Amino acid sequence: MTKKFRGPEIVKEIDDALDKGLARFLINTQSKLSAASPLDSGRLASSWFVGKGVPNRSQRPENWAEPGDKRVEVEKPSGEITLDSDYFISNNLPYAEIAAFDPGYSGRRGGGAGDWFTKIQNNLARDAERSFDFFLRKVK
């Protein structure tokens, strides 16, 4: 049985699948970072932002929540996510790097120095592959 070559149609479907895969990867990674961040008031966990073209320098205000309130809100990226741009997931709080790598901090699931952050970082390639594959399998 011969299949008709779909040329531009298949290219458009692949482009759309790649855009959706990138969006899924970014949102899932941002959510993982938020879910694993050490939690007191929720300011650190709520300050993971996605920036298009440049890192997003936003941060939650110091009075985000009282210690122990554990208020967490993840702000999803605005606008369309497309593969033709660079994206950054960043946390601009002054103590974000310390929380990610200092032995005195641990993620919500326990573990040691930056273990929560390193686990997410080490799985980025696998997570990206899964996100892109999910949508590319639908292209026929």
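Scroll up for the structure.
Just so you know, these numbers come straight off a predicted model, no measurement behind them. (Residues numbered from 1 in each chain as written. Predicted model: local features only at pLDDT ≥ 70, side-chain atom pairs only at ≥ 80, totals over all residues. Heavy atoms only, no water.)

A word on the pattern of salt bridges. One pass over the structure, following the stated rule, counts five salt bridges. Here R126 makes a salt bridge to D127, at a shortest N to O gap of 2.8 Å. Connected through salt bridges with shared partners, the residues K32, R126 and D127 form a single ionic network. (Salt bridge = Lys/Arg side-chain N within 4 Å of Asp/Glu carboxyl O.)

A few words now on helix α4 (residues 124-136). The end-to-end C-alpha distance of α4 is 18 Å, a good match for the 18 Å that 13 residues give at a rise of 1.5 Å each. Of the residues making up α4, those classed as buried are D127, A128, S131, F132 and F135. Along the axis of α4, the buried residues cluster in a sector spanning 125°; they form a single face. For α4, the exposed residues set more than 90 degrees away from the buried face come down to A125, E129 and R130. Structurally, α4 contributes buried residues whose contacts are with α1 (8-36). (Helix = DSSP H or I, 4+ residues; strand = E, 2+ residues; numbered from the N terminus. Expected span 1.5 Å × (residues − 1). Buried < 20%, exposed > 50% of the residue type's maximum accessible area, 1.4 Å probe, protein only. Arc of directions from axis to C-beta. Contact = heavy atoms within 4.5 Å.)

It is worth spelling out the packing of α1 against α4 at this point. At their nearest, the axes of α1 and α4 sit 8 Å apart, and the two run at 140° to each other. Considering the angle they form, α1 stands oblique to α4. Considering how the two elements wind past one another, α1 and α4 form a crossing that is right-handed. Where α1 approaches α4, its residues I14, A17, L18, K20, G21, L22, R24, F25, N28, T29 and K32 are matched on the opposing element by L124, R126, D127, A128, S131, F132, F134, F135 and L136. Of the residues contributing to the contact of α1 with α4, the split by class is 11 nonpolar, four polar and five charged. (Axes fitted to C-alpha atoms, helices over the stretch in contact; angles between N-to-C directions. Parallel < 35°, antiparallel > 145°, perpendicular 65-115°, else oblique. Left-handed = near helix turned anticlockwise from the far one by under 90°. Nonpolar A, V, L, I, M, F, W, Y, C, P; charged D, E, K, R; others polar.)

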